[in-house]
Structures are given as structure tokens and as C-alpha cells.
Amino acid sequence: MTQPSAAVLANFGLAGTLISLQPLKRGHINETYISSWTSSSGKTRRYVHQLINGAVFKDISVVMGNIEKITTHLKAAGERTLTVIPTVDGVTSVVEASVESNDVSAWRTYEFVEDTIALDVARTVQDAEKVAAAFGRFDRLLSTLDPASIGTPIPRFQDTLWRFDQLGEAIANDPAHRASSVTDEISFARSNFGFVQDVVAAQSAGDVKFRITHADPKINNCLLDQKTEEVVCIVDLDTCMPGSILWDFGDLARNTAVLCPEDEPNLSKVVLDEKMYAAVSRGFLSEFGPLLTEAERALLPASPALLALTLGIRFLTDYVNGDTYFKVSHRDHNLQRARTQFQLARSILSVRGELQKITQNA
Ligand code: GN1
Ligand code: MG
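Reading the values: the criteria
Residues numbered from 1 in each chain as written. Chains lettered and ligands numbered in written order. Predicted model: local features only at pLDDT ≥ 70, side-chain atom pairs only at ≥ 80, totals over all residues. Heavy atoms only, no water. Helix = DSSP H or I, 4+ residues; strand = E, 2+ residues; numbered from the N terminus. Rg over C-alpha atoms; globule rule 2.2 N^0.38 Å. Buried < 20%, exposed > 50% of the residue type's maximum accessible area, 1.4 Å probe, protein only. Contact = heavy atoms within 4.5 Å. Areas by Shrake-Rupley, 256 points an atom, 1.4 Å probe, with all protein chains shown as cover. Lys, Arg positive; Asp, Glu negative; His and termini not counted. Charge placed at Lys NZ, Arg CZ, Asp CG, Glu CD. Salt bridge = Lys/Arg side-chain N within 4 Å of Asp/Glu carboxyl O.

(A) Fine view of the overall build of the protein. Counting its regular elements, the protein contains 12 helices and 11 strands. For 362 residues, the compact-globule estimate of 2.2 N^0.38 gives 21 Å, and the protein sits close to it at 20 Å. A buried classification covers 53% of the 362 residues belonging to the protein. Contacts in the protein between residues at least 24 apart in sequence constitute 75% of all its contacts with a sequence separation of at least 6. Counting only carbon and sulfur atoms, one obtains 50% of the accessible surface of the protein, whose full area is about 15,800 Å². Positive and negative side-chain charges in the protein, numbering 35 and 44 respectively, have mean positions lying 3 Å apart.

(B) Molecular detail of the pattern of salt bridges. Across all of its chains, the model carries 19 salt bridges by this definition. Among the ionic pairs, Glu-296 bridges to Arg-211, the shortest N-O distance being 2.8 Å. Separated by 85 residues along the polypeptide, Glu-296 in helix α9 (residues 294–299) and Arg-211 in strand β8 (residues 211–213) bring together distant segments of the chain. Taken individually, Glu-296 and Arg-211 each receive the classification buried, so the pair is uniform in this respect. A salt bridge links Glu-262 to Arg-254, with the shortest nitrogen-to-oxygen separation between them at 3.0 Å. Each member of the pair, Glu-262 together with Arg-254, is buried. Residues joined by salt bridges that share partners form a network here, namely Glu-79, Arg-137, Arg-140 and Glu-287.

Shown next as C-alpha cells:
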């Protein structure tokens, strides 16, 4: 881990004396630290410092430009959101000089959102409905911002057909000599190519709008008030980009309607919970329903399997590539994550008809 140096921190001109700097172990891409500062009157203020991973986010100015536009827009709508702390020179990030790579990684600072919790797994249907409504609301509020004004921080991010190509390339190059050990997983991915083609074709044929999406609507990217457990705000705005609403609904359902973590090793636990899925549908549609086109509404139930497959393929590709993209905590971590997502896709596809009915009735 690279922690922000005193020189990096000084750029943000934070008032008071630094009393602690702690890593926050969350997320697979960026590095996050929390700093505490006391003023002479004894008041403490906290900040979040994140090293934006330049290997993943090739153009940090796109990421930060999007975040400025989106947070300004949300604040104008009276919504709580993240607050970026600019540097004393008025820019929003500071290049990390010690990272040995051609990619430029950079630090940014946010105000710490105090007195909140984040859930990794929904405990109740109320949790799932509330979080889904918060993401639906986020997407709805951003529907009044021109999608053309928002950049694409990671090109082809949720382009599942392209993700298949990436997997094929990884297998052909096989840099870590792992491809022959994952033939079952590769076969599973490929056996779903037809399903993916059908959903992609239906999206292109139908009236699926170009919209601003969050593109990483994980349950723990929704902060809840520590006491009341009401939604406070949506965080992790790095992947916000123009795209399809199916990405957000699908990813939300894929992670919020499942009662185990994303790297659950016991695959018998990896199932889509229909009650949770119904709650996700109700919550999301309570906010975003009126904005959906008929084609979007009809395609929503296919999106959780699509997003589970996409993420599974991404984890598997990274495993074959030797773990160069996602952080891992053990050798087979990406493989385990891929298996979990594939098991989830299997579970979702086996109840596709049910999901159609549930979403229709939500
Ligand atoms: C990554 O780093 P984190 O946890 O916010 C990834 C998402 C995946 C997620 C899976 C930029 O997000 O796409 O859905 O892991 N972010 C990027 O947990 O690739
Ligand atoms: Mg993220």
C-alpha cells in the first residue's frame, strides 16, 4: 500500500494538525486512507484520500471532471453527495510520483461522510429495497444532466461481447500459464455467449436510452445513517458514465439480491434470493420506473445474469492474466470470484421466467 505522503497531503491545505492516517481496506482498484485533523479548539475533522489507480483509470481528468459535474448537479437538486476538496492550486488531484509505471496514478481528497455505515450484504428485504431505491433515485436525478457532458472513464466497461474478446486474448497469450487449469470456467462462459448476443441484440433493436449510469452500484456504495439507517448518499462515483440503465439494475440485483459475499467459496450458498430480487425491483422502480421505456422495462429481468456473467468473465480474464487488474488477497482469489459469479449467473438463468413476473408486478 502506498500511503499519501506529507507532501501530497499538504497540497490539499487541510486545516489543523494531522493526528491519524489509517488505511480503509475496501475496493479492488483504488487505495483509500482516512485522515483525522484537530484544530486548536480541539475539533476533529476527517478526510478520505484515495489513490486513483492509473492502470485502470487511464485519464484521471475524465474521472474527476465527471465527479465535479455529477456532485454539482446532485447538490443543486438538494441531494447529499460527496464533496471534493481541491488542492490549494485549485486542481482536484495530485500525481503520486512513487508509483513505478507508465500509468499516472493520483490522489484526491473528499470530506469524510461522518456517522454512516455501509452494508456488504443485505440483512433484510428492507435493506435491499432502500438501497435499490437510492440507486434508482441517483440515476433519476442524473437523467436531467446531458449524458453527452459526461465522459467515459473506462471504454467498453460493460460491453460483455468485448469482455469475451478480452478473455479470448488472455487465453491465447496465457501469460501466467493458468488457462489449462480453468477449462471448465472457460466453457461455462462460452456456453452463455448466445444468451449475451441475444440480450445485446435486443438492446440495440429496442428503445434503450443513452443515460448516465453509476456503473458500480454495489450495496456498500450506498451509505446509511448510523442511527436511523436511512440512506445518506451514494459513493464511488469513479465509473459514472453514459450507458444503459440495464447496467445499474443488473449489477444492483446481482450483488444486492444475493446473501453471500462476492468471493463466497461455498457455491451452494450462491443463489439469487427471489424475495430480495423483488425488493430490489420495487425499490429501483419506485424511483426510476416512470422513466423507463417499454424496451428497457422488458429487458430488466435479463440484466442480472448479464452483469453476473460480465463480472465473472472479468475476474476469470484477470486470473488468466496473472492478477494484474483486481487486487487479490490469495493466489486463487480471482478464480474463486469468477466461480461465484458464474454460479450466480447459473442460478439467475434458472429462474429467468420468475424474475420476469416479479419485475412486472413490482
Ligand atoms: C471493482 O474497486 P471496486 O470494488 O469499487 C470494479 C467493479 C466491480 C467490482 C466488483 C473500476 O470495484 O467494476 O463490479 O470491483 N471497478 C472497476 O466487486 O473495475
Ligand atoms: Mg467501484
